[in-house]
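# A closer look at the structure
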Amino acid sequence: RPGSRFESSLELLRRAAARKPAFGGRVKTAMMLGLGETDDQVEAVLARLVDAGIDVLALGQYLRPSPEQMAVERFVEPAEFERWRRRGLELGLAHVEAGPLVRSSYHAQDHLPGVK
(Lines give C-alpha, C1' and ligand atoms only; values in the text may rest on other atoms or scores of the structure.)
Protein backbone atom coordinates (compact mmCIF):
# COMPACT_ATOMS: atom_id res chain seq x y z
CA ARG A 1 0.00 0.00 0.00
CA PRO A 2 1.19 3.59 -0.49
CA GLY A 3 3.62 4.73 2.15
CA SER A 4 4.17 1.28 3.57
CA ARG A 5 7.62 -0.15 4.15
CA PHE A 6 8.48 -3.83 3.97
CA GLU A 7 10.38 -3.83 7.28
CA SER A 8 7.55 -2.21 9.24
CA SER A 9 4.97 -4.52 7.65
CA LEU A 10 7.14 -7.55 8.46
CA GLU A 11 7.51 -6.38 12.06
CA LEU A 12 3.74 -6.05 12.41
CA LEU A 13 3.32 -9.60 11.07
CA ARG A 14 6.05 -10.84 13.42
CA ARG A 15 4.24 -9.31 16.42
CA ALA A 16 0.96 -10.89 15.33
CA ALA A 17 2.66 -14.28 14.96
CA ALA A 18 4.10 -13.96 18.46
CA ARG A 19 0.55 -13.55 19.78
CA LYS A 20 -0.91 -16.57 17.97
CA PRO A 21 -1.12 -18.62 21.17
CA ALA A 22 -3.29 -15.89 22.72
CA PHE A 23 -5.91 -15.98 19.97
CA GLY A 24 -5.34 -19.45 18.52
CA GLY A 25 -5.28 -18.22 14.95
CA ARG A 26 -3.00 -18.12 11.99
CA VAL A 27 -1.19 -15.19 10.48
CA LYS A 28 -1.76 -14.62 6.79
CA THR A 29 -0.28 -12.17 4.33
CA ALA A 30 -0.31 -11.63 0.57
CA MET A 31 2.12 -10.71 -2.15
CA MET A 32 1.66 -9.71 -5.78
CA LEU A 33 3.98 -10.77 -8.59
CA GLY A 34 4.49 -9.07 -11.93
CA LEU A 35 6.09 -5.84 -10.73
CA GLY A 36 9.62 -6.59 -11.89
CA GLU A 37 10.72 -8.73 -8.94
CA THR A 38 13.51 -11.26 -9.37
CA ASP A 39 13.43 -14.90 -8.30
CA ASP A 40 16.05 -14.09 -5.65
CA GLN A 41 13.82 -11.36 -4.22
CA VAL A 42 10.77 -13.64 -4.07
CA GLU A 43 12.85 -16.38 -2.44
CA ALA A 44 14.19 -13.91 0.14
CA VAL A 45 10.70 -12.63 0.98
CA LEU A 46 9.36 -16.18 1.38
CA ALA A 47 12.20 -17.02 3.77
CA ARG A 48 11.63 -13.87 5.80
CA LEU A 49 7.89 -14.55 6.03
CA VAL A 50 8.59 -18.03 7.38
CA ASP A 51 11.13 -16.61 9.81
CA ALA A 52 8.53 -14.09 11.01
CA GLY A 53 6.08 -16.90 11.79
CA ILE A 54 3.62 -16.43 8.93
CA ASP A 55 1.35 -19.42 8.34
CA VAL A 56 -0.57 -18.63 5.15
CA LEU A 57 0.45 -16.74 2.01
CA ALA A 58 -1.75 -15.59 -0.86
CA LEU A 59 0.37 -15.06 -3.96
CA GLY A 60 -1.26 -13.40 -6.98
CA GLN A 61 -0.71 -11.44 -10.17
CA TYR A 62 -0.48 -7.67 -9.88
CA LEU A 63 -3.13 -6.09 -12.09
CA ARG A 64 -2.97 -2.35 -12.71
CA PRO A 65 -6.10 -0.83 -11.15
CA SER A 66 -5.94 2.40 -13.17
CA PRO A 67 -3.59 4.26 -15.52
CA GLU A 68 -2.31 6.27 -12.53
CA GLN A 69 -0.84 3.15 -10.86
CA MET A 70 2.31 1.25 -11.71
CA ALA A 71 2.20 -0.71 -14.94
CA VAL A 72 2.32 -4.50 -14.99
CA GLU A 73 5.93 -5.48 -15.72
CA ARG A 74 5.01 -9.02 -16.80
CA PHE A 75 2.26 -11.59 -16.56
CA VAL A 76 3.32 -14.59 -14.50
CA GLU A 77 2.62 -18.03 -15.94
CA PRO A 78 0.53 -20.48 -13.85
CA ALA A 79 3.51 -22.87 -13.69
CA GLU A 80 5.58 -20.21 -11.96
CA PHE A 81 2.84 -19.64 -9.38
CA GLU A 82 2.84 -23.39 -8.75
CA ARG A 83 6.62 -23.38 -8.35
CA TRP A 84 6.40 -20.60 -5.73
CA ARG A 85 3.52 -22.39 -3.97
CA ARG A 86 5.64 -25.51 -3.61
CA ARG A 87 8.69 -23.50 -2.52
CA GLY A 88 6.70 -21.70 0.18
CA LEU A 89 5.54 -25.04 1.55
CA GLU A 90 9.11 -26.41 1.45
CA LEU A 91 10.29 -23.42 3.47
CA GLY A 92 7.66 -24.00 6.13
CA LEU A 93 4.50 -22.08 5.30
CA ALA A 94 1.41 -24.04 6.35
CA HIS A 95 -0.53 -23.07 3.23
CA VAL A 96 0.09 -21.11 0.03
CA GLU A 97 -2.66 -20.05 -2.39
CA ALA A 98 -0.92 -19.06 -5.62
CA GLY A 99 -2.31 -18.13 -9.02
CA PRO A 100 -3.04 -15.21 -11.30
CA LEU A 101 -6.40 -14.35 -9.71
CA VAL A 102 -5.50 -15.06 -6.07
CA ARG A 103 -6.08 -12.13 -3.74
CA SER A 104 -5.52 -11.67 -0.01
CA SER A 105 -8.85 -13.17 1.08
CA TYR A 106 -8.89 -15.95 -1.54
CA HIS A 107 -10.40 -19.08 0.09
CA ALA A 108 -9.68 -17.66 3.56
CA GLN A 109 -12.66 -19.54 5.00
CA ASP A 110 -10.95 -22.81 4.04
CA HIS A 111 -7.63 -22.12 5.71
CA LEU A 112 -8.17 -19.87 8.70
CA PRO A 113 -9.80 -21.24 11.84
CA GLY A 114 -13.10 -19.59 12.70
CA VAL A 115 -13.49 -17.82 9.34
CA LYS A 116 -16.65 -18.74 7.42
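These numbers were taken from a predicted model, which means no experiment stands behind them.

Okay, helix H1 (residues 6-18) next. The end-to-end C-alpha distance of H1, which contains 13 residues, comes to 18 Å, matching closely the 18 Å that a straight helix rising 1.5 Å per residue would cover. Leu10, Leu13 and Ala17 are the residues of H1 that are buried. For H1, the buried positions fall inside an angular range of 60° around the axis, keeping them on one side. H1 presents Leu12 and Ala18 as exposed residues on the side facing more than 90 degrees away from its buried surface. Where H1 is buried, its residues meet helix H2 (20-23), strand E1 (28-33) and helix H3 (39-52).

Further remarks concern the confidence of the model for the protein. Put simply, the protein has an average pLDDT of 89, and 87% of its residues get 70 or more. Least confident of the elements in the protein is helix H5 (residues 108-111), whose mean pLDDT is 55; most confident is helix H4 (residues 78-91), at 98.

With that out of the way, let us pick up the environment of Leu33. Secondary-structure assignment places Leu33 in strand E1. Overall, the relative accessible area of 1% leaves Leu33 in the buried class. For the pair Leu33 and Pro100, spaced 67 residues apart in the sequence, the C-alpha separation amounts to 8.7 Å.

What counts and how
Residues numbered from 1 in each chain as written. Predicted model: local features only at pLDDT ≥ 70, side-chain atom pairs only at ≥ 80, totals over all residues. Heavy atoms only, no water. Helix = DSSP H or I, 4+ residues; strand = E, 2+ residues; numbered from the N terminus. Expected span 1.5 Å × (residues − 1). Buried < 20%, exposed > 50% of the residue type's maximum accessible area, 1.4 Å probe, protein only. Arc of directions from axis to C-beta. Contact = heavy atoms within 4.5 Å. pLDDT = per-residue confidence, 0-100.

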